[in-house]
Structures are given as structure tokens and as C-alpha cells.
Amino acid sequence: LEITESPAAKTSVSEPEVSAESETPPAETFQPAWEVDNFHWPEVVGQLQTDPIAGIQAACQSLQETVGQAGRMLAITGVNEGVGATTVSLLLARGLAKLGLNVALVDADFEQPRLAESLGVRIQDGWEAAIDGRLPLEEVCVASLSDGVTLVPLVQNAEVSATKASLSAAGVLEQLKNMFDFVLIDAGSGSENVTAVATSSDEVLDVAVLLAVDERKFDSTLTDEIAAHLKQFSIESVQLVETFVAV
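1. Describing the pairing of strand 5 (residues 103-107)
Each regular strand carries side chains that alternate between the two faces of the sheet.
Working step 1: Counting buried residues in strand 5 gives five out of five residues, a clear majority hidden from the surface.
Working step 2: Burial along strand 5 is two-sided: the face carrying Val103, Leu105 and Asp107 and the face carrying Ala104 and Val106 are both buried.
Working step 3: Across four bridges, the pairing between strand 5 and strand 7 (residues 149-152) is parallel. Bridge assignment links Val106 to a residue of strand 7, and that residue is Val152.
Working step 4: Where strand 5 and strand 8 (residues 182-189) come together, five bridges link them in parallel fashion.

Here is the structure:
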């Protein structure tokens with residue numbers, strides 16, 4: 001995993017059973033209604049987590065240094081599908097949590113949400129229910145007690161699109177920003193999901209973007225187009241993360 005600067009936007013950087021949580025939550029804390037003992041992380045995440053060549057630990061330590069206040073927000077999106085944006089999101093979430101940060105991991109891939117499935121969690125409602133006001137945000141989040149990561153999932157085939165999400169998703173994410181040290185957003189591919197969740201009619205969230213690229217078939221034109229589109233929405237902090245790096 002290698003993180004480099006985008007030339008178009010210069011920047012500085014068995015299935016666990018879910019059970020409802022009881023007891024009164026502590027005051028002034030975000031208390032997810034659902035919890036598991038641990039997530040079932042994909043095998044590749046375990047393999048890459050400690051691989052010095054992959055550079056995950058170094059990347060997480062670098063990100064940790066940027067946490068000057070609660071609520072750092074980072075969206076991970078791919079130049080196109082299948083370049084590993086979800087894997088990068090999982091790696092960073094686990095790595096940052098291991099450094100002692102309280103991490104929220106948000107699925108914002110409205111076309112192909114996969115974080116809940118990747119972590120072995122069954123859900124009935126995702127944060128699409130918070131976006132459209134049917135449920136409070138706490139009611140759709142799943143906290144892993146041993147991992148230190150809270151999953152904010154999307155339901156497969158949920159009736160929510162990036163366009164619909166743009167109406168209120170930024171406000172939902174603002175809640176997370178105020179409750180977690182780091183908010184990681186798996187935005188699938190392209191720029192549409194990022195702009196949908198990070199912007200609304202009256203605000204733009206302070207979000208940085210990691211743009212995942214497959215260095216074996218790097219397309220600088222497409223990369224520049226995505227970075228330029230993000231910049232049109234006042235999202236200027238864009239860096240490249242190279243996946244499938246030849247070693």
C-alpha cells in the first residue's frame with residue numbers, strides 16, 4: 001500500500017451473532033444499539049496488516065499524526081471498480097483502531113455495499129434508514145467490542161441512491177465526526193458517492209480522499225478527471241493509494 005500525491009489535487013495527506021445492547025448508555029457518548037464480540041475480517045486483511053512491504057502500519061501512523069481534533073474524516077474510493085478500495089478501507093480501520101483510535105467505518109458504496117458482508121455481519125437496516133429519517137443513527141450501527149471499530153453499514157439493494165443520499169447524508173456524517181476520532185468512508189469507485197455524502201445544499205464536510213489505483217493499469221487521465229470533479233465540490237485534499245503494487 002503506497003500513498004502518493006495526486007497530480008491533479010495537491011494536498012498535505014463463522015458469522016458473529018449481532019445482539020441488541022442493554023443497559024443505559026454513558027452520558028454524552030455515541031452508543032450503538034448493536035454489538036458483536038469481534039468482526040470476521042477477510043483473510044487478506046490479516047495477511048497485509050503486518051506485512052512491512054504493504055506499508056499499512058506506516059500509513060496508519062501517518063494518519064494518526066493528522067488527528068489534531070476529534071472527527072478526522074477520510075473517504076476511500078477507487079478510480080474504477082475492483083481496485084481494492086474496500087480492502088484499503090478495512091485495513092486502515094483495523095490499523096487505526098490498533099493504534100488506540102475510536103474508528104467509525106462507513107459503507108457509502110450505494111451501488112454495491114459490501115462492508116457488512118465482508119465483516120461477517122447480518123443486518124436488517126443500514127444507515128440508509130438514518131439518511132431518510134426512519135431510524136436514529138445509533139440504531140443502525142454495529143460496534144465490535146474487541147476491534148474498536150464501529151460499522152455503519154448499508155443494506156444490499158437499499159432504496160437509496162447517491163443522489164438521494166446527498167440530501168441529508170452530510171448531516172448524518174457530521175454526527176459521526178463529532179463522536180469518533182476517525183471516520184473512514186468506503187465510497188466504492190469514482191467521485192459520485194464521495195460528493196453525495198460529503199456535500200449538501202448548505203455545507204461541505206472537511207473530508208480528505210484516498211483515490212485507490214491499480215498501478216498495473218494506471219490511467220492518469222481518469223485519475224485527474226476524478227480529482228478535478230472532487231475539486232469542483234471544494235474537496236481538494238486528494239491522495240493516491242496504489243494497490244496491487246509489484247514487489
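2. Regarding the nonpolar core
Across soluble globular proteins, nonpolar side chains have a tendency to be buried as a group.
Working step 1: In this structure, Trp127, Leu137, Leu173, Leu176 and Ile185 are the most contacted members of the largest nonpolar core, which totals 40 residues.
Working step 2: The element best represented in this core is helix 7 (residues 169-177), accounting for five residues.
Working step 3: Beyond its immediate sequence surroundings of up to four residues, Leu137 is in contact with Phe30, Trp127, Ala130, Val152, Val172, Gln175 and Leu176.
Working step 4: Of all hydrophobic cores here, the second largest spans 36 residues; its members include Phe39, Ala93, Leu119 and Leu184.

3. With respect to the confidence of the model for the chain
Working step 1: Here the chain averages 81 in pLDDT, and 79% of its residues register 70 or above.
Working step 2: Confidence, expressed as mean pLDDT per element, reaches its minimum in the chain at strand 1 (residues 2-5) with 44 and its maximum at strand 7 with 97.
Working step 3: Across residues 2-17, where pLDDT falls below 50, the model places 49 contacts with residues more than four positions away in sequence or in other chains.
Working step 4: Taken as a whole, residues 19-27 scores under 50 in pLDDT and shows 11 contacts with residues more than four places along the chain or in a different chain.

4. Looking at the pattern of salt bridges
Working step 1: For the structure shown, the criterion picks out three salt bridges.
Working step 2: The residue Asp109 makes a salt bridge to Arg114 at a minimum N-O spacing of 3.8 Å.
Working step 3: Asp132 is the salt-bridge partner of Arg134, the closest N and O atoms lying 3.0 Å from each other.
Working step 4: Salt bridges linked by common partners bring Asp125, Asp132 and Arg134 together as one network.

5. Section: the packing of aromatic side chains
Working step 1: Considering all chains together, one arrives at three aromatic pairs under this definition.
Working step 2: Seen in terms of ring centroids, Phe110 and Trp127 are 6.4 Å apart; in terms of plane orientation they differ by 35°. Their pairing is tilted. Within this pair, whereas Phe110 is found in the loop between strand 5 and helix 4 (115-118), its partner Trp127 is found in the loop between helix 4 and helix 5 (128-131), the two being separated by 17 residues in sequence. Pair check on accessibility: Phe110 and Trp127 agree, each one buried.

6. A look at the side chain of Thr243
Working step 1: On the secondary structure map, Thr243 appears in strand 10 (residues 238-243).
Working step 2: Within the local environment of Thr243, its side chain forms a polar contact with the backbone oxygen of Val83, the two atoms lying 2.7 Å apart.
Working step 3: When near neighbours in sequence (up to four residues on either side) are disregarded, Thr243 contacts Val83, Val88, Ala212, Val213, Asp214 and Glu215.

What counts and what doesn't
Residues numbered from 1 in each chain as written. Predicted model: local features only at pLDDT ≥ 70, side-chain atom pairs only at ≥ 80, totals over all residues. Heavy atoms only, no water. Buried < 20%, exposed > 50% of the residue type's maximum accessible area, 1.4 Å probe, protein only. Helix = DSSP H or I, 4+ residues; strand = E, 2+ residues; numbered from the N terminus. Pairing = 2+ DSSP bridges. Core = buried A, V, L, I, M, F, W, Y, C linked by side-chain atoms within 4.5 Å. Contact = heavy atoms within 4.5 Å. pLDDT = per-residue confidence, 0-100. Salt bridge = Lys/Arg side-chain N within 4 Å of Asp/Glu carboxyl O. Phe/Tyr/Trp six-rings, centres within 6.5 Å; stacked < 30°, edge-to-face > 60°. Polar contact = N/O pair within 3.5 Å; in protein donor to acceptor, adjacent residues only side chain to side chain.

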